[in-house]
Each structure stands twice: as C-alpha cells, then as structure tokens.
Amino acid sequence: MYTTWNDLYDNCMRCSKCELAAARHNIVFGVGNPNAEVMFIGEGPGEQEDLSGNPFVGRAGQLLDKMLAVVDLDRNKNIYIANIVKCRPPKNRDPKPEEQELCINWLRNQTKLIHPKIIVCLGRISAAKIIKPDIKITREHGIFFERNGTLLMATLHPAALLRNPGNKPAAMEDYFKLRSKIQEICDHTYTESQ
Ligand code: URA
C-alpha cells in the first residue's frame, strides 16, 4: 500500500504485472478529485481511453458526463472516476479474472486514499468485482449496499445504454437516487463544486 497519491501514481505508471501492459499506449490511472466523496468505477479502458490516458472519453464517456451533469456531478470537480483494470483489453474484450486480480490493488489503494462515502459501479464487471460476484445488474441497479461504512451502488454501464437507449430512464433514476443519498450523507460534494 502506498501512502501518498504521488507514490501510488508513479508506481502504477510502471506496472507490468499482466499481459495487458504489452499492448497498451497508456495506463489509464483515473481522473477527478482525489478528495471526492463519490467515486465511479468502470470496467477498463477502450480505444480512446488507451490513446488518451483518460477514462471514459469515448461515446460512452460523453453520455456518462451528461448524466452526471443532470445531478450536478462533474469529473473535474466533485467525483473521481477509475476502472477495474488500468490497461485496455484487446478488442475491448472483458478483462480476464486474473487481469482484474492483478490490477485491483491499484484501485484498492486509490480507494483507500480517496476514502469515498459512496462508490458507484458502472456495469456488471465492476459491480461483480466490487459489490458481489453474482450481482444481477438488471434487478439490483440503484440499490445501496453497505460495506465497512461505504455505500456501494451499481448502475447500467453507459456503453450498454448506447446499445439499449430504452434503458436510459431507468439508469437516470439511479443517478437521482445517488443525488438524494449525497444530499443525505455527504458534506462537500456540492459545495466544493460551486
Ligand atoms: N468503459 C469503461 O468501463 N471504462 C472506460 O474508461 C471507458 C469505457
């Protein structure tokens, strides 16, 4: 465990623990406010993310930013966004369990240092790794689970919403639930951003 953000970042930038390291252009460490009370966790970088080094910058990311904006959340102000794996799986395949396992300590370390009150998992892979392996996103999205004082919630992955736009209103409900929860338990999430 690294105790400073800079140490964590510098060491993560040198990672070659799994085979994803070989083909990457960039390690996608994360983006946002490391003092945020709310953290979003996706699956892994896609092509645009690999090329830019930033999470959620492709079409799915643009949709995510729009949905966040509706509930006054902004990656440049009051949240932090990272992924289960920090390097792009080839052809956007799901990250393998062993890749997730080898990478997850970076995210665990980030989470320890950020110490968020709420973690939102974007999509099944993230929710299965962080909340519970058998989670059923279609039934259990929008539900808050508590673990060691942190609230965990899954919502549909924005890329899944691009494929099935009919699910957008249901997903948006999750963001409204999130906003209510933030208003209930968070101290700075909205004040810091204004
Ligand atoms: N999908 C993800 O899960 N993460 C990203 O960073 C981009 C797309």
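Bear in mind the structure is a predicted one, so any value in this text is a computation, not a measurement.

Observations regarding the overall build of the chain
- Of regular secondary structure, the chain possesses nine helices and six strands.
- Scaling as 2.2 N^0.38, a compact globule of 194 residues should have a C-alpha radius of gyration of about 16 Å, and the chain matches this with 16 Å.
- With respect to the three principal axes, the spread of C-alpha positions in the chain is 40 × 35 × 30 Å.
- Burial analysis of the chain (194 residues in total) assigns 49% to the buried set.
- Looking at the chain alone, contacts between residues at least 24 apart form 71% of all its contacts between residues at least 6 apart.
- Surface summary for the chain: the accessible area is close to 9,700 Å², and the carbon and sulfur share equals 49%.
- Averaging the positions of the 26 positive and the 23 negative side-chain charges in the chain gives two centres separated by 4 Å.

Regarding the site of the ligand
- In the neighbourhood of the ligand, the contacting residues comprise G42, E43, G44, E49, P55, F56, N83 and H157.
- At a separation of 2.8 Å, an oxygen atom of the ligand approaches a polar backbone atom of E43.
- With the chains in place, 91% of the 240 Å² that the ligand exposes on its own is no longer accessible.
- When its residues are assigned to classes, the shell around the ligand shows two nonpolar, four polar and two charged.

A look at the pattern of salt bridges
- Going through the model one piece at a time under the given rule, you end up with 11 salt bridges.
- Measuring nitrogen to oxygen at the nearest pair gives 3.8 Å for the salt bridge that ties R93 to E19. Of this pair, R93 sits in the loop between β3 (80-83) and α5 (97-114) while E19 sits in the loop between α1 (5-12) and α2 (20-23), and the two are 74 residues apart along the sequence.
- Measuring nitrogen to oxygen at the nearest pair gives 2.8 Å for the salt bridge that ties E99 to R93.
- A relative accessible area of 2% places E99 in the buried class.
- Each member of the salt-bridge network shares a partner with another, and the members are E19, R93, K96 and E99.

Section: unusual backbone geometry
- Here K91, not a glycine, exhibits a phi torsion of approximately 55 degrees, which is positive.
- Looking at the secondary structure, you find K91 in the loop between β3 and α5.
- Of note in this structure, N148 is not a glycine but carries a positive phi near 50 degrees.
- Within the secondary structure, N148 sits in the loop between β5 (144-147) and β6 (150-155).

Some words on the environment of A21
- For A21, the location among the structural elements is in helix α2.
- The exposure class of A21 is buried, given its relative accessible area of 16%.
- Distance in space between the C-alpha atoms of A21 and K177 is 37 Å, their sequence separation being 156 residues.
- Beyond its immediate sequence surroundings of up to four residues, A21 is in contact with C15 and S16.

Structural notes on the pairing of β6
- With respect to burial, β6 is a largely interior element, six of its six residues being buried.
- Burial along β6 is two-sided: the face carrying T150, L152 and A154 and the face carrying L151, M153 and T155 are both buried.
- Direction of pairing for strand β4 (residues 118-122) relative to β6: parallel, over a ladder of five bridges. Looking at β6, one finds that V120 is bridged to M153.
- Where β5 lies against β6, four bridges are found, and the strand directions are antiparallel. Paired with E146 across the strands is L151, a residue of β6.
- Once β5 ends, the chain turns through two residues before running back antiparallel as β6, passing N148 with a positive phi of about 50 degrees.

Thresholds applied
- Residues numbered from 1 in each chain as written.
- Predicted model: local features only at pLDDT ≥ 70, side-chain atom pairs only at ≥ 80, totals over all residues.
- Heavy atoms only, no water.
- Helix = DSSP H or I, 4+ residues; strand = E, 2+ residues; numbered from the N terminus.
- Rg over C-alpha atoms; globule rule 2.2 N^0.38 Å.
- Buried < 20%, exposed > 50% of the residue type's maximum accessible area, 1.4 Å probe, protein only.
- Contact = heavy atoms within 4.5 Å.
- Areas by Shrake-Rupley, 256 points an atom, 1.4 Å probe, with all protein chains shown as cover.
- Lys, Arg positive; Asp, Glu negative; His and termini not counted.
- Charge placed at Lys NZ, Arg CZ, Asp CG, Glu CD.
- Near = heavy atom within 4 Å.
- Polar contact = N/O pair within 3.5 Å; in protein donor to acceptor, adjacent residues only side chain to side chain.
- Nonpolar A, V, L, I, M, F, W, Y, C, P; charged D, E, K, R; others polar.
- Salt bridge = Lys/Arg side-chain N within 4 Å of Asp/Glu carboxyl O.
- Pairing = 2+ DSSP bridges.

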